[in-house]
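Read off the chains here:
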Amino acid sequence: MAASASTDGAIERLVIENCAIATVDAHDTEYATGHVVVAGNVIESVGAGKAPEGLAHVVRRIDGTGHLVTPGLINTHHHFYQWLTRGLATDHNLFNWLVALYPTWARIDAPMLAAATQGSLGMMVKGGVTTAADHHYVFPRGSGDLVGAELAAAAEIGARITLARGSMDRSEKDGGLPPDFAVETTEGALLATEEAIDTHHDASFGSMVQIAAAPCSPFSVSTELMRQGAELARRKGVRMHTHGSETVEEEKFCHELFGMGPTDYFESTGWLGDDVWMAHCVHMNDSDIAAFARTGTGVAHCPSSNARLAAGIARVPDMLAAGVPVGLGVDGTASNESGELHTELRNALLINRLGAHREAALNARKALRLGTYGGAQVLGRSTEIGSLEAGKLADLVLWKLDGLGHSSIADPVTALVFGPAAPVTLSLVGGRTVVEDNHLSNVDEDAVARTARAEAQRLARIAAEG
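Source: prediction; values computed, not measured.

Peer 1: Help me understand the overall build of the protein chain, please; the structure alone is not making it clear to me.
Peer 2: If you tally the helices and strands in the protein chain, you get 14 helices and 17 strands. Across its three principal axes, the protein chain shows a C-alpha extent of roughly 70 × 45 × 45 Å. Relative to all contacts within the protein chain whose residues are 6 or more apart in sequence, the contacts with residues 24 or more apart total 73%. Approximately 16,800 Å² of the protein chain is accessible, and the part contributed by carbon and sulfur atoms is 51%. Where the 35 positive side-chain charges of the protein chain centre and where its 56 negative ones centre are 2 Å apart.

Structure representation (structure tokens):
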């Protein structure tokens, strides 16, 4: 149910009471028992105790006893299309994994991407995600309107989307990894990116769709596409996204091809700045981290994918200490088969404790901040989402923590991050319900699963036929 305008034009309200609240505001304000009032698409009030008396046009009251309310989770890096190739190349490092799967990915078409989008996004939304960034960079010839297909499929789910319109123009014949038929021309990629921005990007408060310019990676993109992509993004006023410093192989590739490491290469092509965020950033030295902090460049930390592909442990505590904006990312579900951002809260904490900072690396509240406000910073939307504050968009999650799985953990934030995946009793995006009682509200989950299975099988058949 949405809190919206009634037939007489009055703003309708939704009230949640008797719940624990983690606002993730600048002071990490928390309430052991509190309330949230949603008016239309924004948060009207949040605080301790019961909601204010005498509220008009309350269309729904929810008793949140046994629950924790947090901001909606924000996914900062994904590849939705990979939902169709989960469980393949499970014993490969990044470069070998890409070589193994590119020939299949290069056969994707619009119906496949629509099905994969609903599978990928649906799984995340069920687990508390209210905003998701997807980096789509595979545009085979004759595949149809992939951008339109993805956005239409996402709209049915109801989450906010930042679609990072990716591109590749460096194929095997140019020393890159993708097969020749899987890439675009430099000019074609730039024109298509500009068209996606002009057609779909909405910069207004509360927008459901934003577009970013997103050449794929240094080893699949020409220097000219990187430079012109940055110029295009800044001319259009959109954000920029790419992969960076993911593996030692990538660092070696950059030194051999460009005579410098990834961060210096990015800076030379205009790809550092507070309008840029990069996925992974596993292999960063002190000067790299300092450059990101100096320029405000953001990072999408993808702990499960980094582990799945044996990429390494990103220096997240050092990035945060330096002032680098850091959010969390699922990454594509061909390198993170669970496809849930909630698991990244836990894995970010645990994996970073294996690094140099050990038990001091991250705690439960820092992990929750990465998955909420940190993600909003990285996507350039921290004035709208990422924390529970009056005037911000009503993107929030009501987590059920009174069941067996969390029954003996007294602190609700610790229960959410350290414990098993918590059921989602309610999730709102701009006051509109996207999950209720742990089920997607706007699509038939069984139908999504059937369609995704059929499209995955069709993709496998086409790839096998060559």
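Following the structure, the description resumes.
Peer 1: How should I be thinking about the pattern of salt bridges in this particular structure?
Peer 2: Oppositely charged side chains can pair when the atoms bearing their charge come close. For the structure shown, the criterion picks out 23 salt bridges. Note that Arg-458 is salt-bridged to Glu-455, the shortest N-O span being 2.7 Å. One end of the pair is Arg-458 and the other is Glu-455, both in helix α14 (residues 445-465) and three residues apart, which spans about a single turn. Among the residues examined, Glu-455 registers a relative accessible area of 14% and is labelled buried.

Peer 1: For this particular structure, what's the right way to read the state of the cysteines?
Peer 2: Scanning the entire structure with this criterion turns up zero disulfides. Considering cysteine sulfurs only, Cys-281 is the nearest to Cys-254, which forms no disulfide, with 12 Å between them. Just so you know, Cys-281 is unpaired, no disulfide at all, and the nearest cysteine sulfur is the one on Cys-302, 9.4 Å from it.

Peer 1: How should I be thinking about the packing of helix α4 (residues 186-200) against helix α5 (residues 223-236) in this particular structure?
Peer 2: For any two helices packed against each other, one specifies the crossing angle of their axes together with the interaxial distance. Closest axis-to-axis distance for the α4/α5 pair is 10 Å, and the angle between their directions is 20°. Classed by the angle they form, the pair α4 and α5 counts as roughly parallel. In terms of crossing hand, the pair formed by α4 and α5 is right-handed. Where α4 approaches α5, its residues Thr-186, Ala-189, Leu-190, Thr-193, Glu-194, Ile-197 and Asp-198 are matched on the opposing element by Glu-224, Leu-225, Gln-228, Gly-229, Leu-232, Arg-235 and Lys-236. Each residue belonging to the contact of α4 with α5 can be placed in one class, and the counts come to five nonpolar, four polar and five charged.

Peer 1: Would you mind going over the environment of Val-36 with me for this structure?
Peer 2: Considering the arrangement of structural elements, one finds Val-36 in strand β2 (residues 30-39). Residue Val-36 is classed as buried on the basis of its relative accessible area of 0%. Not counting chain neighbours up to four residues away, the residues in contact with Val-36 comprise Leu-14, Val-15, Ile-16, Ile-21, Ile-43, Ser-45, Val-46, Val-69 and Leu-396.

Peer 1: Which parts of the structure should I look at to understand helix α8 (residues 286-295)?
Peer 2: Residues lying three or four places apart along an α-helix face the same way, a consequence of the helix completing one turn every 3.6 residues. If you check which residues of α8 are buried, you get Asp-288, Ile-289, Ala-291, Phe-292 and Thr-295. The arc that holds every buried residue of α8, seen down its axis, measures 160°, which confines them to one face. Relative to its buried face, α8 has exposed residues pointing more than 90 degrees away, namely Asp-286 and Arg-294. In this structure, the buried residues of α8 make contact with α7 (262-268), β11 (276-280), β12 (298-301) and α10 (316-322). Phi turns positive one or two residues past the end of α8, at Gly-296, with a value near 75°.

Peer 1: Explain the packing of aromatic side chains here, please?
Peer 2: The relative placement of two aromatic rings is captured by the distance of their centres and the angle of their planes. Counted by the stated rule, this structure contains nine aromatic pairs. For the ring pair Tyr-102 and Trp-105, a centre distance of 5.6 Å and an interplane angle of 90° mean the geometry is edge-to-face. Of this pair, Tyr-102 and Trp-105 both sit in helix α1 (residues 94-105), three residues apart, which is roughly one turn of that helix. Comparing Tyr-102 with Trp-105, the two get one shared label, buried.

Peer 1: Help me out: how do you make sense of the pairing of strand β16 (residues 432-436) in this one?
Peer 2: The side chains of a regular strand alternate between both faces of the sheet. In the sheet, strand β15 (residues 424-429) pairs with β16 via four bridges, with the strands oriented antiparallel. What sits directly across from Leu-428, in β16, is Thr-433. Once β15 ends, the chain turns through two residues before running back antiparallel as β16, passing Gly-430 with a positive phi of about 60°. For β16 and strand β17 (residues 439-440), the ladder comprises two bridges, and the chain directions are antiparallel. Counterpart to Val-435 in the pairing with β17 is Leu-440. Here β16 hands over to β17 after two residues, with Asp-437 in that stretch at a positive phi of 50°.

Calculation notes
- Residues numbered from 1 in each chain as written.
- Predicted model: local features only at pLDDT ≥ 70, side-chain atom pairs only at ≥ 80, totals over all residues.
- Heavy atoms only, no water.
- Helix = DSSP H or I, 4+ residues; strand = E, 2+ residues; numbered from the N terminus.
- Contact = heavy atoms within 4.5 Å.
- Areas by Shrake-Rupley, 256 points an atom, 1.4 Å probe, with all protein chains shown as cover.
- Lys, Arg positive; Asp, Glu negative; His and termini not counted.
- Charge placed at Lys NZ, Arg CZ, Asp CG, Glu CD.
- Salt bridge = Lys/Arg side-chain N within 4 Å of Asp/Glu carboxyl O.
- Buried < 20%, exposed > 50% of the residue type's maximum accessible area, 1.4 Å probe, protein only.
- Disulfide = S-S within 2.5 Å.
- Axes fitted to C-alpha atoms, helices over the stretch in contact; angles between N-to-C directions.
- Parallel < 35°, antiparallel > 145°, perpendicular 65-115°, else oblique.
- Left-handed = near helix turned anticlockwise from the far one by under 90°.
- Nonpolar A, V, L, I, M, F, W, Y, C, P; charged D, E, K, R; others polar.
- Arc of directions from axis to C-beta.
- Phe/Tyr/Trp six-rings, centres within 6.5 Å; stacked < 30°, edge-to-face > 60°.
- Pairing = 2+ DSSP bridges.

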